[in-house]
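Breakdown of the fold
Residue-level listing of the chains:
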Amino acid sequence: AQKVTQAQTEISVVEKEDVTLDCVYETRDTTYYLFWYKQPPSGELVFLIRRNSFDEQNEISGRYSWNFQKSTSSFNFTITASQVVDSAVYFCALARAGNNRKLIWGLGTSLAVNP
Amino acid sequence: ETGVTQTPRHLVMGMTNKKSLKCEQHLGHNAMYWYKQSAKKPLELMFVYNFKEQTENNSVPSRFSPECPNSSHLFLHLHTLQPEDSALYLCASSQGGRVHNNSPLHFGNGTRLTVT
């Protein structure tokens, strides 16, 4: 069975703090994809990153970075020097490779960045 | 401005009403999706259309009826809904075809539906 767990339901930080959002997944597939999406208060989910299971390189994009560790089945997301505009719900998702458009979603982590 | 537009943003309907949700994408995508987002539940995939063909119906009750007249437009027709159908309904699009099965989704702002 496939599953995505985001154990942190809510996180509250003060602006400029670093914050890490955890994502742990379960799958028996050897080939799969992992995603992070951001959902601001306006409602639409915004794609942040996609990583395939063969690419364990960490990725950095501005203040965002992602740490993919197959050994622990984790795909954690770190925001450095957080800003108020980072306040949103963040979702981690898992997809099987191949002929399948289904995503397995975590429940999301609600991040509040306070001034 | 989002490339996926959903209307209306909010909808309140009685259980005997018939209404439709509309989604339009301007991204040149060929796959479109309906998702349901309820509190404390993972996003639920409802329907998938790939090149106007329905490829996924995730055991959705028949009171929800999708329609995809072309690759840019997607509708969700609603009738005799139940209060538990109240949720945020999100439309998404992505590149179509088998090669792009795991391409990122682009979402609209959603329609907040309340069934009274």
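Residues numbered from 1 in each chain as written. Chains lettered and ligands numbered in written order. Predicted model: local features only at pLDDT ≥ 70, side-chain atom pairs only at ≥ 80, totals over all residues. Heavy atoms only, no water.

Remarks on the nonpolar core
Counting residues in each nonpolar core, the largest one holds 23 residues, and the members touching the most others are Trp36(A), Phe77(A), Tyr90(A) and Leu111(A). Mapped onto this core, the elements with two or more residues apiece are strand E2 (10–14), strand E3 (19–21), strand E5 (32–39), strand E8 (64–69), strand E9 (74–79), strand E10 (88–96) and strand E12 (109–114) of chain A. Take this core: its biggest share by element is four residues, from E10(A). By size, the runner-up hydrophobic cluster in this structure holds 22 residues, among which are Phe47(B), Ala87(B), Leu113(B) and Val115(B). (Core = buried A, V, L, I, M, F, W, Y, C linked by side-chain atoms within 4.5 Å. Buried < 20%, exposed > 50% of the residue type's maximum accessible area, 1.4 Å probe, protein only. Helix = DSSP H or I, 4+ residues; strand = E, 2+ residues; numbered from the N terminus.)

Side note on unusual backbone geometry
The linkage connecting Thr7(B) with the following residue, Pro8(B), adopts the cis geometry, with an omega of -10 degrees. Following the sequence through the fold, Pro8(B) ends up in the loop between strand E1 (4–7) and strand E2 (10–13). The residue Ala81(A) is not glycine, and still its phi comes out positive at about 50 degrees. Positionally, Ala81(A) belongs in the loop between E9 and E10. Even without being a glycine, Lys40(B) presents a positive backbone phi close to 65 degrees. Topologically, Lys40(B) is positioned in the loop between strand E4 (31–37) and strand E5 (44–50). Residue Lys40(B) is classed as exposed on the basis of its relative accessible area of 81%.

Quick notes on the pairing of strand E7 (residues 64–70) of chain B
Residue and element names in this part refer to chain B. Across five bridges, E7 lies against strand E8 (residues 73–79) in antiparallel orientation. Pairing of Ser65 across the sheet is with His77, part of E8. Adjacent in sequence and paired antiparallel, E7 and E8 are bridged by two residues. (Pairing = 2+ DSSP bridges.)

Some points on the pattern of salt bridges
All names here are of chain A. Taken as a whole and assessed by the stated rule, the structure comprises six salt bridges over all chains. In this structure, Arg51 and Asp55 form a salt bridge, with 3.1 Å as the shortest nitrogen-oxygen distance. The class of Arg51 is buried, set by a relative accessible area of 6%. (Salt bridge = Lys/Arg side-chain N within 4 Å of Asp/Glu carboxyl O.)

Thoughts on the state of the cysteines
According to the stated counting rule, one finds two disulfides over all chains in the structure shown. A sulfur-sulfur distance of 1.9 Å marks the disulfide that ties Cys23(A) to Cys92(A). Handedness of the Cys23(A)-Cys92(A) disulfide follows from its S-S torsion of about -65 degrees: it is left-handed. Of the two residues, Cys23(A) is situated in the loop between E3 and strand E4 (24–26) and Cys92(A) in strand E10; the sequence distance between them amounts to 69 residues. Exposure remark for Cys23(A): the relative accessible area of 0% places this residue in the buried category. Cysteine Cys68(B) is unpaired, with the sulfur of Cys91(B) as its nearest cysteine sulfur at 9.0 Å. Here Cys68(B) falls in the buried class, since its relative accessible area comes to 12%. (Disulfide = S-S within 2.5 Å.)

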